[in-house]
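# Coordinate inspection notes
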Amino acid sequence: MLRSIAAGIVISLLPISTFAQGLSGPSSTIADLEPGDGLTDPQYRSDFPRNIAPAWFAWKEGLSERGFRFNIDYLSLGQNSSSNLGVGDAGGGIARFYGNWQATEQGSLTFKLEHRHAYGTVAPQFLGLDGGAISITGTAFNDNGTMLTNLFWTQRNTNGNWTLQFGQIDVTDFLDIYGLVSPYTAFQNLAFNTNPTINAPNPGLGISGGLKLGENFYAVASLADANADPTSPDFDVFSHGNLFKSLEIGYTSGFDRIYFDNIHLTLWHADAADDGSRAEDYGASFSGAWFVDNQWMPFVRAGVSKGTAALYEKSVSAGVGYYGRNTDLAGVGINWAEANGVPGSQTTLEAFYRFSISPGLQITPSLQFIDNPLLNPGQSNIFLVGLRARVVF
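Residues numbered from 1 in each chain as written. Predicted model: local features only at pLDDT ≥ 70, side-chain atom pairs only at ≥ 80, totals over all residues. Heavy atoms only, no water.

## Comments concerning the environment of Gly-333
The condition is simple: Put simply, DSSP marks the helices as runs of H or I at least four residues long and the strands as runs of E at least two long, and each gets a number from the N terminus on. By definition, residues are in contact when any of their heavy atoms lie within 4.5 Å.
On the secondary structure map, Gly-333 appears in strand β16 (residues 329–339). Through-space distance from the C-alpha of Gly-333 to that of His-240 is 39 Å; in sequence the pair is 93 residues apart. Excluding residues that lie within four positions of it along the chain, Gly-333 makes contacts with Phe-187, Phe-192, Phe-299, Ala-318, Gly-319, Thr-348, Leu-349 and Glu-350.

Here it is, written out as structure tokens:
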């Protein structure tokens, strides 16, 4: 187990591996079941909410010892915009029930059911667009209602050299990931989550697999329903055949650090929709991130796409994350992008600081600055202030 000592705090890494635990990035169910971003030995400020419901958490731990782990959590996000267009503020929440059942030594069932809702007329996911910027400023905080995000089986071989999962999957759990990709615990703007040049489908029926290519290289591929609707899951993919395909080749310092130290290239393709609502789309993206001294995570990410459905046609992002005391997390990133069919370019800056009060409570203030909002020529820039909270039971 790797360790570093900084400012008198010992930080170590849990052996979380994409292939040992299934295809799981920082925003996946498996990651959300592990407190502290995969870091151990944290020194939290509080034990809330365990201290108010000890019997509940003791019961959960008993189930975990028998192979069944689950969480119930609630996330809330409020944002205020300086734009002279739109409503100017947005709020929304996500209630989630998710878990994993280790049914056999090498096979497990993962599930996630969630309800996404807005507090007012505009959900945070759309506040940037409402204010004239081509920007998803509150990724995942929409008003889609009840969604079946995950219901899939994972099978892996004994030594973890390959992993296969099939069922109701969310490709953004493993597609083009790095350590700061999760909109639940890190950056909120899509520019710093899953690459905004990728036309990733909604969670739906699919199959994905990962393969170790030696000690440091790996490949991950997926085939998923390009027309998926997690609010009404079905098997229509077999009749219409509109698919999203991806292939990723990557390098990591070790498979226990696969989304801490990671450099990869991703290729993807999405079929056109039969009803003409979506054109054929394809592209490529690159990501490089490295966890220096188990505290600093600089990253560089870029992508290009050819089509009309992805948010951006070209995108380049760079930034750094910093893990401080008590598994607090600070991050700052800058993105340059050109949108599909819109002249000019747009620059986005986001900075946040996540206070990890306890394993079950996080508070994250953030600031976003969007220069040259492409759909608002009357305003040179827009500021957005946000506050996100997450409580886990």
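Read on for the rest.
## Observations regarding the pattern of salt bridges
Here is the rule we go by: The salt bridge criterion pairs a side-chain nitrogen of Lys or Arg with a carboxyl oxygen of Asp or Glu, the two atoms within 4 Å. Three labels apply to residues, based on accessible area from a 1.4 Å probe with only protein chains included: buried if under 20% of the type maximum, exposed if over 50%, partly exposed otherwise in between.
Inspection of every chain in the model, using the stated rule, returns 12 salt bridges. Of the charged contacts in the structure, one is a salt bridge between Asp-73 and Arg-96, with a shortest N-O distance of 2.7 Å. A residue pair is termed long-range when its members are at least 10 positions apart, and Asp-73 in strand β4 (residues 68–81) and Arg-96 in strand β5 (residues 89–101) qualify at 23 residues. With respect to class, Asp-73 is no different from Arg-96; both count as buried. Residues joined by salt bridges that share partners form a network here, namely Asp-32, Asp-73, Arg-96 and Arg-390.

## What about unusual backbone geometry?
Cis geometry marks the peptide bond from Phe-48 to Pro-49; its omega dihedral reads 5 degrees. Within the secondary structure layout, Pro-49 lies in the loop between β3 (39–40) and α2 (54–65). Phi is positive for Asp-176, close to 50 degrees, though the residue is something other than glycine. A relative accessible area of 0% means that Asp-176 is categorised as buried. A positive phi is found at Asp-293, a non-glycine position, where the angle reads about 55 degrees.

## Section: the pairing of strand β11 (residues 243–251)
The condition that has to hold: The pairing criterion is simple: DSSP has to find at least two bridges between the two strands.
Residues Phe-244, Ser-246, Glu-248 and Gly-250 line the buried face of β11, whereas the alternating positions Leu-243, Lys-245, Leu-247, Ile-249 and Tyr-251 sit on a face that is not buried. Here strand β10 (residues 217–225) runs beside β11; their pairing, made up of 9 bridges, is antiparallel. Note that in β11 the partner of Tyr-218 across the bridge is Gly-250. Direction of pairing for β11 relative to strand β12 (residues 262–270): antiparallel, over a ladder of 8 bridges. From the neighbouring strand, Gly-250 faces β12, where its bridge partner is His-264.

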